[in-house]
Amino acid sequence: MTEIIGVRFKDVGKIYYFDPDGKKLNKGDKVIVETARGIECGEVVIENIEKPDEQIVKPLKLVIRKVTDEDIKTIESNRQKEKEAFKICLEKIAKHKLEMKLVDVEYTFDGGKILFYFTADGRVDFRELVKDLASVFRTRIELRQIGVRDESKMLGGLGMCGRPFCCSSFLGEFQPVSIKMAKEQGLSLNPVKISGTCGRLMCCLKYEQDAYEHLLKVTPKPGAIVNTDEGRGTVVENNLLTGFLKIRLDSRPDTTPKVCHRRDVKILRDAQIKIEREEIEAFKGIE
């Protein structure tokens, strides 16, 4: 077993394990630690606990110290420097006429590196920009291209539900979302209705997917052949949540479909949910 603490460097970011080095730390404490990027300040989100060795990637880096008043001044100074660096970088991007959108700037705690986060439609040759920025700031420069989901996570905002973005309020890591999920949940395949502000499929499609996958196993799909108390028929519509089905009976094909519950029918041959080629093309690039 190994004693660890969990540290986050962003409000809703990935949790990294560190060796507390004998220090007792509480949730919410600010600490100075050594990372692959250099010396950084993070917040303790997991207090001292022991983890099995197989769950730890060793060697763990040590916690250097709890944040001091002097460290807080350094952090505040870095925040001001980031604002100035953002303005300068915007000017340099315009000067070099680069097709890129600057999203955020981040100083490492020790000032040994400045990271510039940007989005772009394709690859960007920013070598001259890096040289230009290095000559201004006299430190290591890293330009990091991110996706539109990452941009939304960094900037934050309100979703169509009226609540803050999930990605910027509690989702530590993005989970894969697909058009198949929207299809299986019976949602309108309208990109405007099932896409988030970032232009990609909404992360919340993932939340109820497990429940829908279970319901799909026990509920006949449209096109399924079933037996009812009035004979064989074809399912023309289903409601996964209530379990009610509309069935066109073979004996009365021209009458109003029979309504019954899934528990009252026997599936003879179930149907499959298919995604048409046109639908794939329509949603290409937003998954």
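Shown above is the structure to which this text applies.
Residues numbered from 1 in each chain as written. Predicted model: local features only at pLDDT ≥ 70, side-chain atom pairs only at ≥ 80, totals over all residues. Heavy atoms only, no water.

### Focus: the sheet that holds strand β8 (residues 140-145)
Here is the rule: In this description, strands pair whenever DSSP reports at least two bridges between them. Helix numbers and strand numbers start at the N terminus; a helix is a DSSP run of H or I with at least 4 residues, a strand a run of E with at least 2. Only the contacting stretch of a helix is used when fitting its axis, a line to C-alpha atoms as for every element, and angles between N-to-C directions run 0 to 180 degrees. Only heavy atoms matter for contacts: two residues are in contact if any of them lie within 4.5 Å across the pair.
Reading across from one edge, β6-β7-β8 is the order of the three strands in this open sheet, with mixed pairing throughout. The open sheet has two free edges, formed respectively by β6 (101-107) and β8, since each of these has just one partner strand. If you compare each strand with its neighbour and ignore which way they point, the axes differ by 20 degrees on average. Judged from the six bridges that link them, strand β7 (residues 113-119) and β8 form a sheet pairing that is parallel. By the bridge assignment, Ile114 is partnered in β8 with Ile141. Each of β6 and β7 is contacted by helix α1 (residues 69-96), which is oriented at about 145 degrees to β6, the strand it contacts most. Against the sheet, helix α3 (residues 148-155) makes contact with β6 and β7, and its axis sits at roughly 55 degrees relative to β6, the strand it touches most.

### Observations regarding the side chain of Asp29
Selection criterion: Burial classes follow relative accessibility: with a 1.4 Å probe on protein chains only, a residue under 20% of its type's maximum area counts as buried, one over 50% as exposed, and anything between as partly exposed.
For Asp29, the position within the fold is in the loop between β2 (16-18) and β3 (30-35). Relative accessible area serves as the criterion here: at 14%, Asp29 is assigned to the buried category. Aside from chain neighbours lying at most four places away, what touches Asp29 is Gly42, Glu43, Val44 and Lys66.

### Re the sheet that holds strand β1 (residues 2-8)
As summarised here, the arrangement of the five strands in space is β2-β1-β4-β3-β5, forming an open sheet in which the pairing is antiparallel. At either margin of the open sheet sits one strand with a lone partner, and together these are β2 and β5 (63-66). Between one strand axis and the next, the sheet turns by 45 degrees as a mean value, whatever way the strands run.

### With respect to the packing of aromatic side chains
Our working definition: Aromatic rings from Phe, Tyr and Trp, with only the six-membered ring used for Trp, were paired whenever their centres fell within 6.5 Å, and each pair was classed as stacked if the ring planes differed by under 30 degrees, edge-to-face if by over 60, and tilted otherwise.
Taken as a whole and assessed by the stated rule, the structure comprises five aromatic pairs. Ring plane angle 45 degrees and centroid distance 6.2 Å describe the contact between Phe116 and Phe137, whose orientation is recorded as tilted. Of the two residues, Phe116 is situated in strand β7 and Phe137 in helix α2 (residues 127-137); the sequence distance between them amounts to 21 residues. Ring centres of Phe170 and Tyr207 lie 6.3 Å apart, and the angle between their planes is 40 degrees; on these two criteria the pair is classed as tilted. Remark: Tyr207 occurs in the loop between α6 (191-194) and α7 (209-218) and Phe170 occurs in the loop between α4 (166-169) and α5 (179-184); sequence separation between them is 37 residues. In textbook terms, an aromatic cluster arises when at least three aromatic residues are bridged by ring pairs, as seen for Phe9, Tyr16 and Phe18.

### Here we look at α1
Along an α-helix, residues three or four apart share an orientation, since each turn contains 3.6 residues. Rules: Given the number of residues in a helix, its expected span is that number minus one, multiplied by 1.5 Å.
Its 28 residues give α1 an end-to-end C-alpha distance of 40 Å, which sits within 8% of 40 Å, the value for a rise of 1.5 Å per residue. Every buried residue of α1 is accounted for by Asp71, Asn78, Glu82, Ala85, Ile88, Cys89, Lys92 and Ile93. Next to the buried residues of α1 lie β3, β5, β6, β7 and α2. Lys97 sits one or two positions beyond α1 and adopts a positive phi of about 55 degrees.

### Focus on unusual backbone geometry
In this chain, Lys58 is followed by Pro59 through a cis amide linkage whose omega measures 0 degrees. By secondary structure assignment, the location of Pro59 is in the loop between β4 (38-51) and β5. Non-glycine residue Asp21 carries a positive phi angle of around 55 degrees. Inspection of the secondary structure assignment puts Asp21 in the loop between β2 and β3.

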